[in-house]
Amino acid sequence: MEFLLEINVEEMPSSHVRSALADLQEKFSRELAAAKIPVGVLRSYSTCRRLIILADMAPGQEDREEIVTGPPKAAAFAADGSPTPAALGFAKSKGIPVSELQVITTDRGEYVGFKKIEKGQSGADILVRIIPQILSSLSFPKMMRWGEGSLRFSRPIRNIFCLFGEKPLTFSLDGLTSHNATMGHKLLAPQKIEARNFQEYKDALQEKRVIIDEAERKQLILGQIESHLAPLNAQLYPDPELLAKLANDVEYPYVFMGSFPEGYLNLPLEILSTAMREGQKLFSVVKGKKQLPFFLGVADSPADPKGFIQKGNERVLKARLEDARFFWEQDLKTSLKKRAPKLKLVLFQEKLGSYDDKVQRLKKLTAYLCAKTEVAKIEKDVVQAAELSKVDLLTDMVREFPGLQGKVGGLYAKAEGLPATVAQAIYEHYQPVGLEDEPPSTTAGALLSLADKLDSIVGVVGVGIQMTGSSDPFGLRRNAQGVCKIILERKLNLSFLRLLDKVCAVYGDKLKRPKEEVIDYCREFFLNRLRSIFDKWGFRYDLVNAALGVGIDNLYYSYLRLKALDSLKSSPQFEPMILMAKRVHNIIGGQPPGAMNADLFEEKGERELYSTFSIIKENVTPMLAKGDFSQAQKIIFRIQPSLNNFFDHVLVMAKETKLRKNRLALLQAISKILNQIADYSQVVVEGEKPNNKR
Amino acid sequence: MSLQNLVMSLQKFWTDQGCYLAPSYDLEVGAGTMTPDTFFRVLDKRPWKVAYVQPSRRPTDGRFGQNPHRLQKHYQFQVIIKPSPADIQKIYIDGLASLGINLADHDLRFDEDDWESPTIGAWGVGWQVMLDGLEISQFTYFQQAGGVEIFPIPVEITYGLERLEMFLEEKDNIYDLKWSEDVSYRDLRFEEEKEFSEYNFNQATVKSLRKYFELSEKEAAHLIEKNLLLPAYDMCLKCSHFFNLLDARGAFSVTERVKMIAQIRALVNEIARKYTTNREKP
């Protein structure tokens, strides 16, 4: 039977619509499953004003048959077949005529009884109960109340349309009563619509200027855009977020094209496209990398019969571009360097001081990073970029378009004629924003970005601001992901703990927590970020544990360790070697470290292991130092036959203390080398008994 | 339609909806929301309907009369209705139609834009209303003011009068607007914008502004003590205006800005708390 629900709401943000639909579907399925009503197809549709659920479901619960037994047959009927008082009493107590009693054969013998039919509840009864509950339980990133109602929702609910099996389904929610009527487009066709089923509903709305399928609206928008652009041989400056927002925000899309005076084209593309997108939600038009003096907008309308929509938007855009040009010219009158001292007046964080303080720290950190990553020749440029990186916060352009921070600074630096390295580093130093975003394209940009992000993380942790649950008030998780991404993709080989130490040292006494505590917290924090990145990249969790289990002094090396493990994981030597490594790990567990004396090896097995190990160690030591864990691991794995032989023929726990300690010391030395690659004890081998401890 | 006719049409429309027509408030405010006709009246439980023009000062927006659409003082048309009616969007749309705008020829959109004022501890949920890409109104369901949860929920509609008039006259420059048939916006306001921009950005004496702020703050605290909440709130409005002037003068040190906002908010929250307690007494 068809169930159709439309919640009519005042304009909701697209993020709210998306989460509400998912939530609505999920809760609807769960509640109906709990009520034992099978649901076939379940679909959802939406506009910014409508949340719609369509389901094909059973008309109600199935009737349930229950067998109720009474006295044994022998006690129920007299010899003449007439019912005894026992049978009469039973029938009376159950409220049925005695004539309906039947003989029922059970494992225990024959009894009298009857089949009781428990009527299933109708779908309508159940829906009327659960739908208001579900709607009251939907949650949104920000909730509101309206009028004198008690419900909290994304925006005020104004009508509820609900059908079940072609009939209106009536329930109440916060003063509204559901019925079989809704309304067409609020502005274009605000007439009442009645419908008996989904097809009628959809067609009637279409006629009244509402397309309920977001995917369909998106296709319409793209099609119309294409028909505007094809004759110009031009392309859309891609903006999937804007497209998704507009597909949500209009019920009947109409794409209009407009133009602006070519004089504005000397503004950078970043600024033009932002000015268009932020206020009026307009798309930019490009030909290759060149911006064209056109824009595309999406109206909630079937057409622009008098050209008012296009002309109005052109007028508003011209004013905005005029503003942007004014900002651009005004800002350029004062060089970044000359503006920089005013950073003292801009607060970075209450306990951590101004952006000028931050910039002074970034200069030191970038110098340190240049030295540690051996790019001394760009040090001057990176430090200069650091010095100017935050100055754009003082410009009118960034005050107008905060999302362009960094980029604006880079563009101004370039326009001022500063070295390209400096300008580019400033331009991209906020990147990557999130794991999907590209890290900076240049070394200078990458080092500045690292310094900036680590400075923020250490500072916030250092003054004792706690991150709880999903809250990430200073974007620290995103910043930490950015740090990991830059280090891994740039293959930066540097001691992370020493870097953290340096960041703390540069802060000096500004940090309220002890340095050790801050570093410990950050190490744990980054360990978790790395784990989630590796997890997202699809690595086996136990290999991740093994690679991270030996510490994260060098984030890039952690990644190489993991890749080494991953590359050998399917080779035939892998599992036997893991088991062997675990055996070594278990035997030496809890033993005090001892010194090895080659002269004390008596038996052939141990002499042989010692000499194999010595050769391997000599070979792999330089590889480990370089971070070539793959090659080192391949070579170390060659120890396996000797190790195997050793365990088969030599008694480690010899009675004589000297011999025993010496053998343990040999195994400790082997374990030490293994541990330079990974903590193999964390690798899970198939068929292995859990807690395989000796 | 001239600007004064626009004002008269809106006054007619909203008084027809039952709104009381309030005079503009006689202190410098940043927005119509800040005047007592909105601030106090949304706090209690009684129904309230009001409409008024409010001159609104934003010293940092001054452009010496040189920018065709930015002003350090502009005019808002403020409407408050409590509780918010179920058909308020339709009423608003009818209001636009009553100005002679045929919406079938235009693109009217309610675009997500929640509102917040940390200075008076207030926030609400709603939209900026866009007409062919031009923001002509703010439409907000208040949820909190003076740090107090509000109930019943009022709706606030604020028209930017210059914006709307630019739309109606299809003009690109505010100063070209007609105030009346024979007086232009330039005639009335150009000199004022020039002089006040110079005052706001260059001539206001920072030391005196700090002193005024301090004195007004003290006075507010004193008046709160005496349970004179309306005068106390006036003092907070003065604080807010001196704060805005200091901002335009670029006079804030690192922590000062945050601190001063917090100072005003603390006073306003205290006023709101006392006001609601007094009103709830039998």
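The shown structure was predicted, so the numbers you read here are calculated from the model rather than taken from an experiment.

1. Looking at the environment of Asp182(B)
Along the chain, Asp182(B) turns up in the loop between α4 (161-169) and α5 (185-203). Along the backbone, Asp182(B) and Thr119(B) are 63 residues apart, and their C-alpha atoms lie at a distance of 40 Å.

2. Topic: the domain arrangement of chain B
Residues and elements named next belong to chain B. Under the domain assignment used here, chain B contains domain 1 (3-200) and domain 2 (206-280). Relative to domain 2, the C-alpha centre of domain 1 lies at a distance of 24 Å. A breakdown of the residues in the side of domain 1 that touches domain 2 according to their chemical character gives 12 nonpolar, seven polar and four charged.

3. A look at the environment of Lys510(A)
The topology assignment puts Lys510(A) in the loop between α18 (496-507) and α19 (515-536). Distance from Lys510(A) to Gly462(A), taken between C-alpha atoms, is 8.2 Å for residues 48 residues apart in sequence.

4. Focus on the interface of chain A and chain B
The interface of chain A with chain B comprises 35 residues on the first partner and 33 residues on the second. Within the residue set of the side of chain A that touches chain B, elements represented by two or more residues are β16 (290-300), α9 (308-332) and β18 (353-354) of chain A. For the side of chain A that touches chain B, the element with the most residues is α9(A), which contributes nine residues. Classifying every residue of the side of chain A that touches chain B by side-chain character gives 14 nonpolar, eight polar and 13 charged.

5. Examining helix α6 (residues 206-225) of chain B
Residues and elements named next belong to chain B. In this model α6 runs 29 Å from its N-terminal to its C-terminal C-alpha over 20 residues, within 8% of the 28 Å that 1.5 Å per residue would give. Taken residue by residue, α6 has Phe213, Ser216, Glu217, Ala220, Leu223 and Ile224 as its buried positions. On an axial view of α6, the arc spanned by its buried residues comes to 130°, and they lie on one face. Exposed and oriented more than 90 degrees from the buried face of α6 are Lys207, Ser208, Lys211, Lys218 and Glu225. Looking at the buried positions of α6, the neighbouring elements they touch are α7 (229-248) and α8 (256-280). Residue asparagine 227 follows α6 closely and has a positive phi angle near 65°.

6. Points about unusual backbone geometry
A cis amide bond links Gln431(A) to the next residue, Pro432(A), at an omega of -10°. Note that Pro432(A) resides in the loop between α15 (420-428) and α16 (443-462). Cis geometry marks the peptide bond from Phe151(B) to Pro152(B), where omega comes out at -5°. With phi around 50°, Glu170(B) is a residue other than glycine that occupies positive phi space.

7. Looking at the nonpolar core
Of all hydrophobic cores here, the largest spans 249 residues; its most connected members are Val382(A), Val458(A) and Cys236(B). At 12 residues, the largest contribution of residues to this core is made by α7(B). The contact partners of Val458(A), leaving out residues within four places of it in the chain, are Leu500(A), Val503(A), Cys504(A), Tyr507(A), Val518(A) and Cys522(A). Counting seven residues, the second largest nonpolar core, distinct from the first, contains Ala87(A), Ala91(A), Leu101(A) and Val112(A).

8. A look at the confidence of the model for chain B
The pLDDT averaged across chain B works out to 95; a share of 99% of its residues lies at or above 70. As a predicted assembly, this complex carries a pTM of 0.82 together with an ipTM value of 0.95.

9. Quick notes on the sheet that holds strand β14 (residues 253-259) of chain A
Residues and elements named next belong to chain A. Judged by pairing direction, the sheet is antiparallel, and its four strands sit side by side in the order β13-β15-β16-β14 without closing on themselves. In the strand order of this sheet, the two ends are held by β13 (235-236) and β14, each with one partner. Bridging between β13 and strand β15 (residues 283-287) involves two bridges; their strand directions are antiparallel. Bridged to glutamine 235 within β15 is valine 286. Contacts from helix α6 (residues 214-229) reach β13, β14, β15 and β16 within the one sheet, and its direction differs from that of β14 by about 30°. The strands touched by helix α8 (residues 269-280) within the sheet are β15 and β16, with β16 carrying the most contacts at an inclination of about 10°.

10. A closer look at the packing of helix α22 (residues 574-588) of chain A against helix α25 (residues 640-649) of chain A
All names here are of chain A. In the contact formed by α22 and α25, the axes pass within 11 Å of each other and the chain directions differ by 50°. Considering the angle they form, α22 stands oblique to α25. In the crossing of α22 with α25, the sense of the turn from one axis to the other is left-handed. Every residue of α25 that contacts α22 at Pro576, Met577, Met580 and Arg583 is listed here: Gln640, Leu643, Asn644 and Phe647. Residue composition of the contact of α22 with α25, by class: five nonpolar, two polar and one charged.

About the thresholds
- Along each chain, numbering runs from 1 in the same order as the chain's sequence is written.
- The lettering of chains begins at A and the numbering of ligands begins at 1, in the order of writing.
- In keeping with the model being predicted, local features are shown solely for residues with a pLDDT of at least 70 and side-chain atom pairs are shown and tallied solely at 80 or more, while totals for entire chains, interfaces and linings include all residues.
- Secondary structure elements are defined from DSSP: runs of H or I of at least 4 residues count as helices, runs of E of at least 2 residues count as strands, and each element is numbered from the N terminus.
- An automatic or database domain assignment supplies the residue ranges for each domain.
- The residue classification treats Ala, Val, Leu, Ile, Met, Phe, Trp, Tyr, Cys and Pro as nonpolar and Asp, Glu, Lys and Arg as charged. All others, Gly included, are polar.
- Note on contacts: each residue gets a C-beta atom placed from the backbone, and two residues are in contact if those atoms are within 7 Å.
- Here the expected span of a helix is defined as 1.5 Å times the quantity of residues minus one.
- Three exposure classes are used. Buried residues have 20 or more other C-beta atoms within 10 Å of their own C-beta, exposed residues have 12 or fewer, and partly exposed residues fall in between, all C-beta atoms being placed from the backbone.
- In this description, one arc is meant: the one made by directions from the helix axis to the C-beta atoms.
- A set of buried Ala, Val, Leu, Ile, Met, Phe, Trp, Tyr and Cys residues, joined through C-beta atoms within 7 Å, is what we mean by a nonpolar core.
- In predicted models, pLDDT denotes the confidence assigned by the predictor to each residue on a 0 to 100 scale.
- At least two DSSP bridges between two strands are required for those strands to pair.
- Every angle, taken between N-to-C directions, lies between 0 and 180 degrees, and every axis is a line fitted to C-alpha atoms, over only the stretch in contact when it is a helix.
- Under this scheme an angle from 65 to 115 degrees is roughly perpendicular, one under 35 degrees roughly parallel, and one over 145 degrees roughly antiparallel; angles in between are oblique.
- For a crossing to be left-handed, the near helix must be turned anticlockwise from the far one by less than a right angle; the clockwise case is right-handed.

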